[in-house]
Amino acid sequence: MMGASEALTDPSSLYNVGNNDLSDTETVLNVRNALASVQNGESYLLYDQFVETIQINNRSDHALGAQLDALLKALSGSVACIDVNHHRRILSGIFGMSLWDHKPHVMDSLMDLIISLAATSGKYLDNCLNMLIRHFVPPPWVIDRLWQGRVIEQKQHVLSRVHGALLKISLLVPLAPSRLLPMLAHQLPKINKKDQVVVIYVENLLKLENSSIGQVGGGMIFMMVMERLRDLDLEIDWNDILQDDSNRGMFDMELEDAMNEGDELPVGSLNQDTSGGKIESLDKLMVTCFDHLESCNLHGRLDQVFEKLFDSFENFILNTYKSKVSQFLMFYACSLDPENCGVKFGSKLLDIFLSSNKPRPTRQVSLSSLWMSAVAYLASYLARGKFLPVSYVATMLKRLVDECADYCRTCNDDIRPEAHQLFYSGCQAIMYVLCFRMRSILDVPRFRSELIPLESILMHKLNPLMVCLPSVVAEFLRQAKAGGLFVVSDSFIFEDLLESELSRAFGGCERLDTFFPFDPCLLKSSNSNISGNFIYWSMVRPTYDKDDDEDDAEIIVNGDEESDEEDEGDLDYALNKMSITPKHSFKNNMERERLMKMPSMIRPSTSPESL
């Protein structure tokens, strides 16, 4: 066997890095000698050979694989001899390597080298972290073959080693997590990438959140995920989801009326996705996030995660009026832990709304919109959350009623709706929740008594019944009358609820008067996670008999009048089933066509342009 001294003097032996006849010590000496010769300006022969070996990606050649494996191990034992100025080519080769191209034993050697480089000198830390993060985006051949068992196994081999290396580096270099997070955000794939690329990247982000790295940067990771969900959400137009095709009959009525509890949402149009795959991407991302939240709950850390999740919701979703699906992350988290997360979410939203009465130097429009959005979320949440006990809903309603009553006592004489946006938002929130919950609230005498101030609020000179959304007002009054909510029910006008510019005025340019963010989720897989904890309108037991139409004539919306055309009557009847709105008539054919094309369950929550 050739000794170490002979190896140093025999140039031919320096090529045999992977020679099994050489000991590990001798191989390390060979590598160190080659590095030193370059640094001293002597021979580049062996160094060039090492650079070529680093570039090997032939998985089928076992001999070449063994040679590469030996070189990587020798380099791991020689990192102190690597100079960033003299050995740039070999460093570039190392950082350019991909685990996807190699077998497990080579992967292990490469990860050991990366960890050694990161821990030895701070100058290599960023390169090591970037090299590892790059593996969160698999190469095209992996994406195209993810259905194959061999590729799935390779994916597990690669990503498990990447995460293991990141954790080891974060332990060895305390600075690493703070350096890692901006890189993760920078390399997050854009929404125009293949859906599986984004999904796999987010899966890895959430896996990091569930590690010790997440204890430092979990909040920022949730911010990244929520921002990407929001961007993808906003890229999708509802016209991409709901097509005017043979399935249209399903959308002529509210989808929730066609479903039983826990049924899967029949979104047949997903098979004709015109969004360029964005719908499916959003659906998969939502389910990935749902799975992560469920895992957090099973491991007893959902309460801790919820605070970070809410911060990301508040930053990216709360004030985004065109979001259609991404807000359901909060809904799902609350459904997993109603007693803690469920209570916190409602309380945080209410606190944001009530913060509007705190003195501020200036009243910014953005803040006003934020407060209105918060109470819209609260109303939709209290109405739709099947997991929320009636006692909690009643408590939230009492605080809203008290706030509106206080406002009535202190408001000025200006009766313009835009001057009292927050008041009308609060009133509409109360009425909307009661449309879904009135029977259960009125069944408890104490809860009923807490609504007593509501009568004086609705009779106030600001006249919320004439300003708030007519469909909500009409359903609320119908149930209030049938349930005997008010002692002097004759003081309210139950007829001639005319559509006007008033609700548009208080809703502002964002039309927050029509913002009900937890209307039914239309994405198939996402909805399967939501539906079991969601109150659909068809589940509601109003105070009146649904089969009794005697009261219908007393509640008229939009100045409904009898039409001489039979088809107009048939259309009004069909659209009457679309939401909580009772009867509608349409002032012109354009309005009729617009509402026929728009699925009712999303109509309140869509953007101003689509209204």
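Basis of the calculations
- Residues numbered from 1 in each chain as written.
- Predicted model: local features only at pLDDT ≥ 70, side-chain atom pairs only at ≥ 80, totals over all residues.
- Heavy atoms only, no water.
- Helix = DSSP H or I, 4+ residues; strand = E, 2+ residues; numbered from the N terminus.
- Buried < 20%, exposed > 50% of the residue type's maximum accessible area, 1.4 Å probe, protein only.
- Contact = heavy atoms within 4.5 Å.
- Areas by Shrake-Rupley, 256 points an atom, 1.4 Å probe, with all protein chains shown as cover.
- Core = buried A, V, L, I, M, F, W, Y, C linked by side-chain atoms within 4.5 Å.
- Disulfide = S-S within 2.5 Å.
- Salt bridge = Lys/Arg side-chain N within 4 Å of Asp/Glu carboxyl O.
- Phe/Tyr/Trp six-rings, centres within 6.5 Å; stacked < 30°, edge-to-face > 60°.
- Axes fitted to C-alpha atoms, helices over the stretch in contact; angles between N-to-C directions.
- Left-handed = near helix turned anticlockwise from the far one by under 90°.
- Nonpolar A, V, L, I, M, F, W, Y, C, P; charged D, E, K, R; others polar.
- Parallel < 35°, antiparallel > 145°, perpendicular 65-115°, else oblique.
- pLDDT = per-residue confidence, 0-100.
- Expected span 1.5 Å × (residues − 1).

Asker: An account of the overall build of the chain is needed here, citing residue identities and associated values.
Answerer: Secondary structure assignment for the chain yields 29 helices and zero strands. Each of the 611 residues in the chain was classed as buried or not, and the buried ones make up 54%. Sequence-distant contacts in the chain: of pairs separated by 6 or more residues, those separated by 24 or more amount to 77%. Surface summary for the chain: the accessible area is close to 26700 Å², and the carbon and sulfur share equals 49%.

Asker: Hey, could you go over the nonpolar core for me, with residue numbers and the actual values?
Answerer: Ranked by size, the top nonpolar core spans 180 residues in total, and within it I114, L117, I169, L184, F313, F345 and F476 carry the most contacts. Counting residues per element, this core draws most heavily on helix α21 (residues 421-442), at 15 residues. Residues within four places of I169 in sequence aside, it is in contact with I114, I115, A118, L125, L129, L132 and A176.

Asker: Describe the state of the cysteines, listing the residues and the values that go with them.
Answerer: One way to say it: the disulfide is the covalent bond shared by the sulfur atoms of two cysteines. For the coordinates displayed, the defined rule picks out zero disulfides. Left without a disulfide partner, C341 is nearest to the cysteine sulfur of C334, which lies 6.3 Å away.

Asker: Lay out the pattern of salt bridges in plain terms, naming residues and giving numbers.
Answerer: If you walk through the whole model with that rule in mind, you get 19 salt bridges. Notably, a salt bridge pairs E307 with K344, separated by 3.2 Å at the nearest N-O pair. In this pair, E307 sits in helix α16 (residues 302-316) while K344 sits in helix α18 (residues 338-354), placing the two residues 37 residues apart along the sequence.

Asker: Which residues make up the packing of aromatic side chains, and what values go with them?
Answerer: Applying the stated rule across the entire model yields 25 aromatic pairs. A ring pair is formed by F310 and F313, whose centres lie 5.7 Å apart and whose planes are at 45°; its orientation type is tilted. Taken together, the positions of F310 and F313, both in helix α16 and three residues apart, correspond to about one turn of that helix. For the pair shown, F310 and F313 are each scored as buried.

Asker: Could you give an account of the environment of G93, naming the residues involved and the relevant values?
Answerer: Tracing the chain through its elements places G93 in helix α5 (residues 88-95). Once the C-alpha coordinates of G93 and Q55 are considered, the two residues, 38 residues apart in sequence, prove to be 6.4 Å apart.

Asker: Describe the packing of helix α6 (residues 104-120) against helix α7 (residues 125-133), naming the residues involved and giving the relevant values.
Answerer: Viewed as axis vectors pointing N to C, α6 and α7 meet at an angle of 150°, and their least axial separation amounts to 8 Å. As α6 packs across α7, the resulting crossing turns out to be left-handed. Seen from α6, the contacting residues are L110, M111, I114, L117 and A118; seen from α7, they are L125, C128, M131 and L132. Residue composition of the contact of α6 with α7, grouped by class: nine nonpolar, no polar and no charged.

Asker: Describe the packing of helix α12 (residues 212-235) against helix α15 (residues 278-298), and please don't skip the residues or the numbers.
Answerer: Taken N-terminus to C-terminus, the directions of α12 and α15 make an angle of 150°; their axes are 9 Å apart at the nearest point. Between α12 and α15, the interaxial angle falls into the category roughly antiparallel. The element α12 and its partner α15 pack so that their crossing is left-handed. In contact with F222, V225, L229, L232, D233 and E235 of α12, α15 contributes K278, S281, L282, L285, M286, C289 and H292. Taken together, the residues that form the contact of α12 with α15 break down as eight nonpolar, two polar and three charged.

Asker: Run through the environment of S531, naming residues and quoting values.
Answerer: Tracing the backbone through its elements, the reader meets S531 in the loop between α27 (524-530) and α28 (566-576). S531 sits 145 residues away from K386 along the chain, and the two C-alpha atoms are 9.5 Å apart.

Asker: With reference to specific residues and values, describe the confidence of the model for the chain.
Answerer: Of the residues in the chain, 72% have a pLDDT of 70 or more, and the chain-wide mean is 77. Here residues 243-271 scores under 50 on pLDDT; set against residues more than four positions off or in separate chains, the count is 64 contacts. For the stretch residues 494-500, pLDDT sits under 50, and the model shows 25 contacts to residues farther than four places along the chain or on other chains.

Asker: Mind laying out helix α4 (residues 62-76), listing which residues take part and the relevant values?
Answerer: For α4, spanning 15 residues, the distance from its first C-alpha to its last is 21 Å, which sits close to the expected 21 Å at 1.5 Å a residue. What α4 keeps buried is the set G65, Q67, L68, D69, A70, L71, L72, A74, L75 and S76. Among the structural elements, α2 (24-39), α3 (45-54), α5 and α6 are those in contact with the buried residues of α4.

Asker: Can you lay out unusual backbone geometry for me, pointing to particular residues and giving the numbers?
Answerer: Here N463, not a glycine, exhibits a phi torsion of approximately 50°, which is positive. The topology assignment puts N463 in the loop between α23 (453-458) and α24 (464-467).

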